[in-house]
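Report on the structure
Residue-level listing of the chains:
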Amino acid sequence: MQNLIQEWLKQQEAHSYAAARLRQIEFDWERADDAPDRATLAESLSEQRRAVEAARQTIAGLTEHITQSPDAKQYVEGRRTNLLNQLNEIIGRLHPTATNMKLSRNQSMLIDNYLFKRIYLMLRKAVESEYVIHEIPEFMYADDSRFDEAPLRNYLVAMKNELLSLPLSSFLDLHAYLQQKEEGFFALAKE
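Keep in mind it's a predicted model, so treat the numbers as computed, not measured.

Thresholds, definitions, all that
- Once a new chain begins, its residue numbering starts again from 1 and follows that chain's sequence as written.
- Local features in this predicted model are restricted to residues of pLDDT 70 or higher, and side-chain atom pairs are both shown and tallied only at a pLDDT of 80 or more, whereas totals for entire chains, interfaces and linings draw on every residue.
- As a rule here, side-chain values come from all non-hydrogen atoms in the structure, and water together with hydrogens is ignored.
- By convention, a stacked pair of Phe, Tyr or Trp rings (six-membered ring in the case of Trp) has centres within 6.5 Å and planes under 30 degrees apart, an edge-to-face pair has planes over 60 apart, and any other such pair is tilted.
- Helix and strand definitions here come from DSSP, where helices need a minimum of 4 consecutive H or I residues and strands a minimum of 2 consecutive E residues; each element is numbered from the N-terminal end.
- Think of it in three bands: residues with accessible area under 20% of the maximum for their type are buried, residues over 50% are exposed, and the middle band is partly exposed, with areas taken using a 1.4 Å probe on protein chains only.
- We call a charge positioned over a ring when the NZ of a Lys or the CZ of an Arg lies within 6 Å of the ring centre and within 35 degrees of the ring normal.
- Here, residues are in contact when the closest pair of their heavy atoms is within 4.5 Å.

**Description of the packing of aromatic side chains**
Under the definition given, this model contains two aromatic pairs. Aromatic pair W8 and F171: ring centres 6.1 Å apart, planes at 85°, arrangement edge-to-face. Taken as a pair, W8 in helix α1 (residues 2-31) and F171 in helix α6 (residues 171-190) lie far apart in primary sequence, 163 residues in all. Take W8: its relative accessible area is 7%, and that puts it in the buried class. Summarising the aromatic geometry, the rings of Y75 and F171 are spaced 6.3 Å apart at their centres and angled 65° between planes, so their arrangement reads as edge-to-face. Here Y75, found in helix α3 (residues 72-93), pairs with F171, found in helix α6; they are 96 residues apart in sequence, far enough to count as distant. You'll find Y75 and F171 in the same group, each marked buried. Among the aromatic residues, ring-to-ring pairing joins W8, Y75 and F171 into one connected group. The ring of W29 carries R38 above its face, with NZ or CZ at 4.0 Å from the centroid.

**A word on the side chain of Q11**
The topology assignment puts Q11 in helix α1. Under the relative-accessibility criterion, Q11 is labelled buried at 15%. Setting aside its immediate chain neighbours within four residues, Q11 contacts A55, T58, I59 and L62.

Following this line, the structure appears as structure tokens:
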């Protein structure tokens, strides 16, 4: 099952790349001024459309194999447990320190909301990793931080509670759930 999942993830990435490349070629074709450039780009367009369609068909085939697999349910339950364990580890670390220092949004990086990216990557890894692992996070705190971790903590607790009752029939359901939560997760970073 894990090989199918890894191939599905790889094909998803290839499809995204091919679709982005197609959009760029379409943009270039619309802006091309002379006939030779348009003809060359038209060839590239049809070739790229075939690549996008081939990737889509490959994904569809892998999706069918994953959902029809006899161990799909057992596999997704293992991934759910892994994600729940990771959520518990993260939630347990989101608190002010005894000296009232608060979490740093940038985690000593140049990226202002690196904390959110780091947490989301831990969650993705818990779902997509080939191995059953969860990271024990160590977060940076700062004296001058004004970050209130309560909304982030509440979001993660709500996510954990949803996950406990979420009906999952295959890995694809769990992956789609995590992608759905991504938008709300990063909306918190903007607050």
